[in-house]
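Structural overview
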Amino acid sequence: MTAATVLEARDLACGYDAPLVSGLDLTLSQGQALAVVGPNGVGKTTLLRTLAGQLPPLTGTVHVGGADLARQSHLQRAKRVTILLQEDPGDHSLTVRELVELGRTPHLGLWGRPGPEDLQAVEQALQACHLEELAHRRLDRVSGGERQRARIAMTLAQQTALLLLDEPASHLDLRRRVELFELLTTLRRQRHLALVMVLHDLPEAYQEADRVLVLGQSGAAEVPAGDPERRGKLARAFEVPEERIPGLG
Amino acid sequence: MRRQAWIWTAGLAALLLLSAWLSMALGSQQGRLVLEPDWIATVSFDGDQSLHARVLLFWRAPRVVASMVIGACLAVAGLVLQGLTRNPLADPYLLGISGGAGLAVVLVHALPALVVGAGWWLVPVAAFSGAQGAALLVLGIARSSGVSGGRLSVLGLILAGVVINAFCAAVMSFLLVRFDPFRLRITTLWLAGGIGFTRWDQLAFVTLLALAAWLFLRLQAHRLNAFALGTSGASAVGVDADRVLLRAALVSSLLTGLGVALGGLLGYVGLIVPHAVRGLVGSDFRRTLLLTAVAGALLVAVADSVARLVLAPEELPVGVLTALIGCPVLLMLLRVQLRGAGRGS
């Protein structure tokens, strides 16, 4: 049985005034993880926000779960795809549970009261991220790694098929990074989540994702782990000598 | 927490009823406080023309209701502004929004023929328009002075408020010096937070608008909660952030305008009450909106009774009392905010 397609981008160009990324064709299935790498300012976050429907594509289309995001309302989009940006301007006076509950916002009714399904989704998200013990702790009273887990639990509570993460492991020490990627792998296997992650660390990208999309000044292309030209392609994208590309395992 | 919010709301609502009864029953005779519960028990609403009936129905009762409506309006406006700007110092008075409303009302007072021609509804409508203009200006100035992580800077907001307040105060002073002594006294008393000039028809109009505004905000409560994630975060959970932000800012300006139309420039209510309510039950708008309205109503109702009776037969403007409570709270919040900003830089 083949996994269902979750994300499909066709001839996509994204950016603000001028395109940062153009001519991109991308397909992602249930349970797959795609890492996006590239130098600073090349448009990785812009691409992620376009895939989330937060920015309109300059040309082309983005379909998530078969629906064209450009034709979806904010609410409909938030039931299909969610994005976790790198910056965390969130209110740290919230408790972990309150933050996770915010993930249910698109599912709430007129008066915004959570129903049994919402409460169950929050409990499941807290359990999946091992946060039951911290649920009543304020976000400014937990570590950076725990806070990042709480943010991911919020996106899980949203129950979308596609999760877009912008540098999810930044500011985390090695142990927390390992824990975070183990959690994401478990979620992909158990919940068949499709993931797109912007990552800075090249070995980490090849280790934690099934596929790697490299964005450079000359364009966007997937560079598979088995590509004999991989080192050269990465060096050209990052505009550094080949010998400066770290060991990729 | 939700249960706690209901307990607090019910408790404060009971206190509000008690304070309303006391405000109606308490009077002063030759400088002495007198409790007159018989007045309330014996008054007839069917054309009773006795002195005590007229005092109750046309003086004390509208005043009590007005003070509650003003308190609820200003407190809820402050709560929403603080949530939208993610800044605990965003009080309609400090931000100059009340000042804009006050200026618009003074302009109307400067042209009495306008009110006579158009009707009593002109004052609340003018106050709302003034509040709206000031809110757009202050948010625009603060936004141009910098947004960090979806949060308007403390200093940017406060300084924008100082500028708008200074401008409104200057224009008001210019207009007031041209007023005749009677209009000058009435207007300056009202500006200082004098709640004594309320008509039932105006009160009913303002109350209906305030209830509609509150209901609108309550239906937006879960979307307003999402602003705790910043505007991008709110958008990620399905909130049309720009639209909700604009509508909620408009509605909080409306509430400010309504409060100012009835009670003048009553400061700090929108600062003290939301801060205390969040301390009691957290920041979830689904819990805080009703509690803030009840607590705001209670604060101004009690303050107005004290202001009416403490120097009787003279009256103290209510704004003096709210400022006496509000200034230390503002200083404390400012200290916490600036210390936080200092640590962040």
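Residues numbered from 1 in each chain as written. Chains lettered and ligands numbered in written order. Predicted model: local features only at pLDDT ≥ 70, side-chain atom pairs only at ≥ 80, totals over all residues.

**As for helix α9 (residues 200-219) of chain B**
Residues and elements named next belong to chain B. What counts is decided by this rule: Secondary structure counts use DSSP, requiring at least four H or I residues in a row for a helix and at least two E residues in a row for a strand, with both numbered from the N terminus. Expected span of a helix: the number of residues minus one, times 1.5 Å. Residues are called buried when their C-beta atom has 20 or more other C-beta atoms within 10 Å, exposed when it has 12 or fewer, and partly exposed otherwise; all C-beta atoms are positioned from the backbone. Note that the arc is computed from the directions linking the helix axis to the C-beta atoms. Distance between backbone-placed C-beta atoms decides contact: two residues are in contact if it is within 7 Å.
With 20 residues, α9 extends 28 Å from end C-alpha to end C-alpha; this agrees with the ideal 28 Å at 1.5 Å per step. Along α9, the positions that sit buried rather than exposed are Val 206, Leu 209, Ala 210, Ala 213 and Leu 217. Taken end-on, α9 shows its buried residues confined to a sector of 100 degrees, consistent with a single buried face. Those residues of α9 that are exposed and aimed more than 90 degrees away from the buried face are Asp 201, Ala 204, Leu 208, Ala 212, Leu 215 and Leu 219. Contacts made by the buried residues of α9 are with α3 (51-85), α6 (122-144), α10 (221-225), α12 (241-263) and α14 (285-309).

**Notes on α14(B)**
Over its 25 residues, α14(B) extends 35 Å from the first C-alpha to the last, a length consistent with the 36 Å expected when each residue adds 1.5 Å. Most of α14(B) sits out of view: 22 of its 25 residues are buried.

**A closer look at the packing of α9(B) against α12(B)**
Residue and element names in this part refer to chain B. The condition that has to hold: To get an axis, fit a line to the C-alpha atoms, keeping to the stretch in contact for a helix; angles then go from 0 to 180 degrees between the N-to-C directions. Note that the term roughly parallel is reserved for angles under 35 degrees, roughly antiparallel for angles over 145, roughly perpendicular for angles of 65 to 115, and oblique for everything else. In a left-handed crossing the near helix is turned counterclockwise from the far helix by less than a right angle, and in a right-handed crossing that turn is clockwise. Just so you know the grouping, Ala, Val, Leu, Ile, Met, Phe, Trp, Tyr, Cys and Pro go in nonpolar, Asp, Glu, Lys and Arg go in charged, and all remaining residues, Gly too, go in polar.
Where α9 contacts α12, the two axes come as close as 10 Å, and the packing angle between them is 155 degrees. In terms of orientation, α9 lies roughly antiparallel with respect to α12. Seen along the crossing, α9 lies across α12 with a hand that is left-handed. Contacts from Val 206, Leu 209, Ala 210, Ala 213, Phe 216 and Leu 217 of α9 reach α12 at Ala 248, Val 251, Leu 254, Leu 255, Leu 258, Ala 261 and Leu 262. Here the residues of the contact of α9 with α12 sort into 13 nonpolar, no polar and no charged.

**Here's the deal with the nonpolar core**
Formally: Put simply, a nonpolar core is buried Ala, Val, Leu, Ile, Met, Phe, Trp, Tyr and Cys residues tied into one set by C-beta atoms within 7 Å. Delimitation of the domains relies on an automatic or database domain assignment.
With 178 residues, the main nonpolar core has A:Ala153, B:Val76, B:Ala127 and B:Leu258 as its most contacted residues. A domain split of this core shows at least three residues from each of domain 1 (1-80 + 161-175 + 182-249) and domain 2 (89-159) of chain A. Excluding residues that lie within four positions of it along the chain, B:Val76 makes contacts with B:Trp214, B:Leu217, B:Leu255, B:Leu289, B:Thr292, B:Ala293 and B:Gly296.

**A short note on the packing of α3(B) against α12(B)**
Relative placement of two packed helices is described by the angle separating their axes and the distance separating the axes. Residues and elements named next belong to chain B. Look at α3 against α12: their axes get within 8 Å of each other, and the N-to-C directions meet at 150 degrees. Judged on the interaxial angle alone, α12 and α3 are roughly antiparallel. When you trace α3 past α12, the crossing you get is left-handed. Contact residues: α3 offers Ala 66, Val 69, Ile 70, Cys 73, Leu 74, Val 76, Ala 77, Val 80, Leu 81 and Leu 84, while α12 offers Leu 245, Ala 248, Ala 249, Ser 252, Leu 255, Thr 256, Leu 258, Gly 259, Leu 262 and Gly 263. Class assignment for the residues of the contact of α3 with α12 results in 16 nonpolar, 4 polar and no charged.

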